Amino acid sequence: MLRMVDARNDEERYQRVNSIVTQLHLKKCMGTMIKNLSGGEKKRLALASILLTDPSIILIDEPTSGLDAYLAMYVMKLIRSMALNQNKTIIVVIHQPTAAMYDLIDTIYVLVQGGRQAFFGSKDEAIEFFTTECHLSSTSSLDGFIEQLAVSSTETMNHNNTSKQVVADRYAKSKYMKSLETTIEQQSQIILNNDLTNTSTIKKYNNFLGQLKWLLWRSFLADARNPVRTTFVIIRTILLAVIQGLLYFHLCGSGHFVQNVNAINLSLVSITINTSAYMILSTMPSNNIIGIRENHRGMYSIFAYYLSTVLHDFPTFFIFPFLVSTIIYWMSGMDNSWSHYLLFIAISILSSNTGAALGQLFASFASSSEIAVMTAVPLLQILSVFSGFYLSLINVPSILPAVQYISPYYYAYATLLNMEWVSFTPDKIQQCDSSKRSFLSTRSSFCTGILEHVNFYGHYTKIAFNIMILLGFFIICHIISFFIILCKANRSRFHDFWLKIKQNHKSGYRPLP
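Residues numbered from 1 in each chain as written. Predicted model: local features only at pLDDT ≥ 70, side-chain atom pairs only at ≥ 80, totals over all residues. Heavy atoms only, no water.

## Some thoughts on the overall build of the protein chain
Heads up, the rule is: To qualify as a helix, a DSSP run of H or I must reach at least 4 residues; to qualify as a strand, a run of E must reach at least 2; elements of each kind are numbered from the N terminus. The cut-offs for exposure are 20% and 50% of the maximum accessible area for each residue type, with area from a 1.4 Å probe on protein chains only; residues under the lower value are buried, those over the upper are exposed, and the others partly exposed. We call two residues contacting when some pair of their heavy atoms lies within 4.5 Å. In these tables, accessible area is a Shrake-Rupley quantity obtained with a 1.4 Å probe, and a residue counts as shielded only by the protein chains included in the view.
Regarding its fold elements, the protein chain presents 21 helices and four strands. Here the protein chain, with 513 residues, has 42% of them falling under the buried criterion. Partitioning the intrachain contacts of the protein chain with sequence separation of at least 6 by distance along the chain shows that 68% fall at a separation of at least 24. Of the accessible surface of the protein chain, which amounts to about 28500 Å², a share of 62% is contributed by carbon and sulfur atoms.

Put into structure tokens, the structure is as follows:
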């Protein structure tokens, strides 16, 4: 849709798409992913994507390979009709043309071994040249002459190869070659006299909102065709949440409720951050490559591409943590108050989106999903160790506690624990006392005992502060990811700029006397 820059409205875009899809017999493939198409269908799809842009000059390489005889002739007839009816110049490369295909071609250009030119002109001129000047074996059709000029790997050193070079030499001295050179000189002079503008530098862009709309449309359409990011993720999420809920079923009201509540909170943080990050890591590296390539073609800006990916993923990273946290919360029997539940949901959604932003950061550096996962997994594991649950940071070397301040696990876990224990209820105190723990039944000592146990007491007991830090992680990771992708898209410009600086530096150098 974005490549049809000359379309006036969305209705015209849809009409053109449906018309070309019908012409190329691709109606039955409209709901199929490209990787599941046959070889012939992929060929026709590639041709359709070119026709959508309505170019004046089209270069097509092997449009008939992989097609049966009927579809091959149909595609060639369609190409000829476009050339005649739409006034287009179409150059087609065919390795094994049939006699019927030659009837659809106006001008032929023959190459022989070594890439040498053997002929350029009309079909009648070709037959005359090969017969009278080259003295090839007489044949009734042009494809017979072409077959004699064809070369196989076992013929490269025999007489057949020598005859091809003779044909190329004779064409270089023929009147047909002189006529071609005259035509080229005349056209070059016309271009110089008219001082034509290089139209290849003139690009028409859709406006930003148009780019964003069609990018989102394409992304959601891809989700509908690929259940990995939709149905499969939701089913897997529900199963994982139910298993966690069963493991901690109503354990928050047991004698060991402090340990159980802390463990549930950590489990929720790990699930939301890790799952969101891995979902991004599995798809974004390849998507970034496609986005950069299409940006080079002038289809859309890098900012429109990146913003569309964030907006497209947001519903997923809202529904996914909502389902997980809801199931775990009510099955484990935590606080069971609506205010506590809504804040619990909000923190899990924020954690999920922060994990996705962290995944975007790793994906922006990587050239493939495999590299992204190999890099991200150990780093995420290290950051999760500094969440405050697995490792006490009181007696470790002084440099290690600083790692927790760059760990989103730490802030998400600290937020959930402070939300849980700072606003405690009398029932929790009574349960804690009945379990014979060393916590007193006063607000200060109870809160201190729980939060100091995991090193969260003090300045970081402020829930609002932790939420702001998580939001900061989300924004900073996305900003860095965007600029990394932007630099990749403009790598050649940066390289040329750097070379220019080096050249200017060298040109200004003067040796000492």
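## Observations regarding the pairing of strand β2 (residues 89-93)
The side chains of a regular strand alternate between both faces of the sheet. Worth spelling out the cut-off: Strands were regarded as paired on the criterion that DSSP finds at least two bridges between them. Assignment of crossover handedness uses the view with strands pointing away from the viewer, where a clockwise path from the first strand over the helix to the second indicates a right-handed crossover.
The pairing of strand β1 (residues 57-61) with β2 spans five bridges and is parallel. Bridging from a neighbouring strand, I60 pairs with V92 of β2. Between the parallel elements β1 and β2, the chain passes through helix α3 (residues 69-85) in a crossover that is right-handed.

## Brief notes about the environment of Q113
Mapping Q113 onto the fold places it in the loop between β3 (107-112) and β4 (116-122). Taking the C-alpha atoms as reference points, Q113 and A168, separated by 55 residues in sequence, lie 9.4 Å from one another.

## A word on the pairing of β3
Of the two faces of β3, the one holding I108, V110 and V112 is buried and the one holding T107, Y109 and L111 is not buried anywhere. Two elements, β3 and β4, share six bridges in a ladder whose sense is antiparallel. The residue bridging Y109 from the neighbouring strand is F120, located in β4. With antiparallel pairing between neighbouring strands as the criterion, β3 and β4 make up a hairpin whose turn holds three residues, including G114 at a positive phi of roughly 85 degrees.

## Structural notes on the packing of helix α1 (residues 10-23) against helix α9 (residues 208-225)
The description of two helices packed together rests on the angle between their axes and the distance between the axes. Here is the rule: For helices, the axis comes from a line fit to the C-alpha atoms of the stretch in contact; other axes are also lines fit to C-alpha atoms, and the angle between any two N-to-C directions lies between 0 and 180 degrees. When an angle is under 35 degrees it counts as roughly parallel; over 145 it counts as roughly antiparallel; between 65 and 115 it counts as roughly perpendicular; any other value is oblique. The sense of a crossing depends on the near helix, which, turned anticlockwise from the far helix by less than a right angle, makes the crossing left-handed and, turned clockwise, makes it right-handed.
Relative to each other, α1 and α9 sit at 40 degrees, their axes nearing to 14 Å. The orientation of α1 relative to α9 falls into the category oblique. The crossing of α1 and α9 is right-handed. Two secondary-structure elements touch here, α1 through D10, R13 and Y14 and α9 through K213, W214 and W217.

## With respect to a nonpolar patch on the surface
We apply this condition: The patch calculation keeps residues exceeding 30% relative accessible area without a salt bridge and links them within 9 Å when they carry like charges or within 5 Å when they are nonpolar (Val, Leu, Ile, Met, Phe, Trp, Tyr). Think of a salt bridge as a Lys or Arg side-chain nitrogen and an Asp or Glu carboxyl oxygen that are within 4 Å of each other.
Nonpolar side chains collect at one region of the surface, where I234, I238, V242, L246, F314, F318, I319 and F322 lie side by side and expose about 650 Å² of accessible area between them. Broken down by secondary-structure element, the contributors of at least two residues to the nonpolar patch are α10 (231-247) and α14 (316-332). A total of four residues in the nonpolar patch trace back to one element, the largest contributor, which is α10. Taking the relative accessible area as the measure of exposure, F314 reaches 41% and is therefore partly exposed.

## What about the nonpolar core?
Formally: By nonpolar core is meant a set of buried Ala, Val, Leu, Ile, Met, Phe, Trp, Tyr and Cys residues that side-chain atoms within 4.5 Å join together.
If you look at the biggest cluster of nonpolar residues, it comprises 60 residues, and the most contacted ones within it are V269, V324, I328, F344, L358, L380 and L416. No other element matches the 13 residues that helix α11 (residues 257-281) contributes to this core. Ignoring any residue separated from it by four or fewer positions in sequence, one finds I328 in contact with A241, Q244, I264, L268 and I271. Counting 26 residues, the second-largest nonpolar core is a separate cluster that includes V17, I20, L24 and I58.

## Structural notes on the packing of aromatic side chains
As a reminder, the rule being used: Geometry of aromatic contacts follows a simple scheme: Phe, Tyr and Trp rings, the Trp one being its six-membered ring, pair when their centres are within 6.5 Å, and the pair is stacked under 30 degrees between planes, edge-to-face over 60, tilted otherwise.
According to the stated counting rule, one finds 22 aromatic pairs in the structure shown. With a centroid separation of 5.5 Å and an interplanar angle of 80 degrees, the aromatic rings of W338 and Y341 are classed as edge-to-face. Of the two residues, W338 and Y341 are both situated in helix α15 (residues 338-365); the distance of three residues between them amounts to about one turn of the helix. One aromatic cluster in this structure is built from F208, F303, Y306, F482 and F483.

## Here's the deal with the confidence of the model for the protein chain
The test is simple: Per-residue confidence from the predictor is reported as pLDDT, a score between 0 and 100.
Confidence in the prediction of the protein chain, expressed as mean pLDDT, is 77, and 77% of residues score 70 or more. Under a pLDDT of 50 for its full length, residues 196-204 has, in the predicted model, six contacts with residues more than four places off or in other chains. Contacts from residues 429-447, a stretch scored under 50 in pLDDT, to residues over four places away or in other chains number 31 contacts.

## Here's the deal with helix α16 (residues 369-385)
Working note: α-helix, 3.6 residues per turn, so residues spaced by three or four point in the same direction. Put simply, the rule is: Each residue after the first adds 1.5 Å to the expected span of a helix.
With 17 residues, α16 ought to run about 24 Å at 1.5 Å a step, and its terminal C-alpha atoms sit 24 Å apart, in line with that. Turning to α16, its buried residues number three or more, namely S369, A372, A376, L380, L383 and S384.

## Brief notes about the environment of H25
Residue placement: H25 occurs in the loop between α1 and α2 (39-51). Relative accessible area serves as the criterion here: at 36%, H25 is assigned to the partly exposed category. For the pair H25 and E41, spaced 16 residues apart in sequence, the C-alpha separation works out to 8.8 Å. Leaving out residues up to four positions away in the same chain, H25 has contacts with R44, Y70, L71 and Y74.

## Concerning the side chain of N295
Residue position: N295 is located in helix α12 (residues 284-296). For N295, a relative accessible area of 18% puts it in the buried group. Aside from chain neighbours lying at most four places away, what touches N295 is Y300, S301, I302 and A489.

## Some words on helix α20 (residues 463-489)
Taking 1.5 Å as the rise per residue, α20 with 27 residues should run 39 Å; its terminal C-alpha atoms sit 40 Å apart, in good agreement. Among all positions in α20, only N466, L470, F473, C477, H478, S481, F482, I484, I485 and A489 are buried.

## Some remarks on the packing of α12 against α20
Convention followed: Under the scheme applied, nonpolar residues are Ala, Val, Leu, Ile, Met, Phe, Trp, Tyr, Cys and Pro; charged residues are Asp, Glu, Lys and Arg; polar residues are all the others, including Gly.
Their axes nearest at 10 Å, the elements α12 and α20 cross at an angle of 50 degrees. Between α12 and α20, the interaxial angle falls into the category oblique. Viewed along their axes, α12 and α20 form a crossing whose handedness is right-handed. Along its contact with α12, which presents N288, I292, N295 and H296, the element α20 presents I485, K488 and A489. Broken down by class, the residue content of the contact of α12 with α20 amounts to three nonpolar, three polar and one charged.

## Structural notes on the side chain of H478
Structurally, H478 is set in helix α20. Residue classification places H478 among the buried positions, given a relative accessible area of 12%. Here H478 is in contact with Y306, V310, A357 and Q360, once residues within four sequence places are set aside.

## Here's the deal with the environment of I146
Relative to the elements of secondary structure, I146 occurs in helix α6 (residues 142-149). You can call I146 partly exposed: its relative accessible area is 21%. Distance in space between the C-alpha atoms of I146 and V110 is 8.1 Å, their sequence separation being 36 residues. When near neighbours in sequence (up to four residues on either side) are disregarded, I146 contacts Y102 and V110.

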